[in-house]
Amino acid sequence: MDNLINVDAIAEWLRGFGLWAVLISLLLNILISILGVVPSLFLSGANAVVFGFVPGFLLSLTGEVLGAAISFWLYRWGFGRLKQVRESSWVWLQRLNEAGPKRQAMIVLVARLTPLVPSGVITFAAAVSRMSFAGFFIVTLLGKAPSIALETFVGHDLYRINENYPRLLVSLLGLLLIYVIVRKKRGRRE
């Protein structure tokens, strides 16, 4: 289990695939997206270590967006057939379905930009709603870019913690601040 959360071990494992490392990384990102509960931070960091920051970010973003798209279709196909889901009395699903396409896109975008909201939950919600695939895909691309950039940055700095601990500390404090602000806003609404 230790190697699953060790950026250095993941980076070395990816390097072992040579030219195939790009494809392996894409497939892993897609698998992580389909599972919906496995954090991608360590793979994004390893991608930055192996391929460089910008190429690693682009590879991680591509893999996660493709994974979200495939997950959307799998969830829609699998759960959309269930009468219980289609006729659900879940308030969040009713609200998402009643919203117009622009409002749906904004809801999913804000969810994508909110730290610590599992990506799989957002994908599931969009898939079982009436949201269009095109709207979901565009919003996912836009909404995942900042979080993937942050994951790539933090994961890279975890790998080089001796050199980058001040920057990593600032990044983590920034994440904590965003989390506190989001929690306070949610508390006010409730």
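Here, the structure is the one placed above.
All figures in this text were calculated on a predicted structure; none of them were measured in a lab.

Quick notes on the rules
- Residues numbered from 1 in each chain as written.
- Predicted model: local features only at pLDDT ≥ 70, side-chain atom pairs only at ≥ 80, totals over all residues.
- Heavy atoms only, no water.
- Axes fitted to C-alpha atoms, helices over the stretch in contact; angles between N-to-C directions.
- Helix = DSSP H or I, 4+ residues; strand = E, 2+ residues; numbered from the N terminus.
- Parallel < 35°, antiparallel > 145°, perpendicular 65-115°, else oblique.
- Left-handed = near helix turned anticlockwise from the far one by under 90°.
- Contact = heavy atoms within 4.5 Å.
- Nonpolar A, V, L, I, M, F, W, Y, C, P; charged D, E, K, R; others polar.
- Core = buried A, V, L, I, M, F, W, Y, C linked by side-chain atoms within 4.5 Å.
- Buried < 20%, exposed > 50% of the residue type's maximum accessible area, 1.4 Å probe, protein only.
- Phe/Tyr/Trp six-rings, centres within 6.5 Å; stacked < 30°, edge-to-face > 60°.

Some points on the packing of helix α2 (residues 21-35) against helix α4 (residues 53-79)
One way to put it is that α2 packs onto α4 with a least axis distance of 7 Å and a crossing angle of 40 degrees. When the interaxial angle is binned, α2 and α4 end up oblique. Our pair here, α2 against α4, has a crossing hand that is right-handed. Residues V22, S25, L26, N29, I30, S33 and I34 of α2 pack against L59, S60, T62, G63, E64, L66, G67, A68, I70, S71, L74 and Y75 of α4. Taken together, the residues of the contact of α2 with α4 sort by class into 10 nonpolar, 8 polar and 1 charged.

Details of the nonpolar core
Among the nonpolar cores identified, the biggest contains 12 residues, and these are A68, F72, Y75, A105, V108, L109, I122, A126, A127, M131, F136 and V139. Once you skip the residues sitting within four places of it in the chain, A105 turns out to touch M131 and V139. Listed in part, the 9 residues of the second largest apolar core include V7, I10, I32 and L43.

Side note on the environment of L27
Looking at where L27 falls in the secondary structure, it is placed in helix α2. By relative accessible area, which is 47% here, L27 ends up partly exposed.

Re the packing of aromatic side chains
Under the definition given, this model contains 7 aromatic pairs. Centroid distance F72 to W73: 5.8 Å. Interplanar angle 85 degrees. Geometry classified as edge-to-face. Considering the side-chain rings of W73 and F133, the 5.1 Å spacing of their centres and the 40 degrees angle between planes classify their relative orientation as tilted. Taken together, the positions of W73 in helix α4 and F133 in helix α9 (residues 133-159) put the pair 60 residues apart, joining distant regions of the chain. For F133, a relative accessible area of 26% translates into the label partly exposed. Cluster of aromatic residues (ring-pair linked, three or more members): F72, W73, F133, F136 and F137.

Honestly, it's all geometry; don't read function into it.
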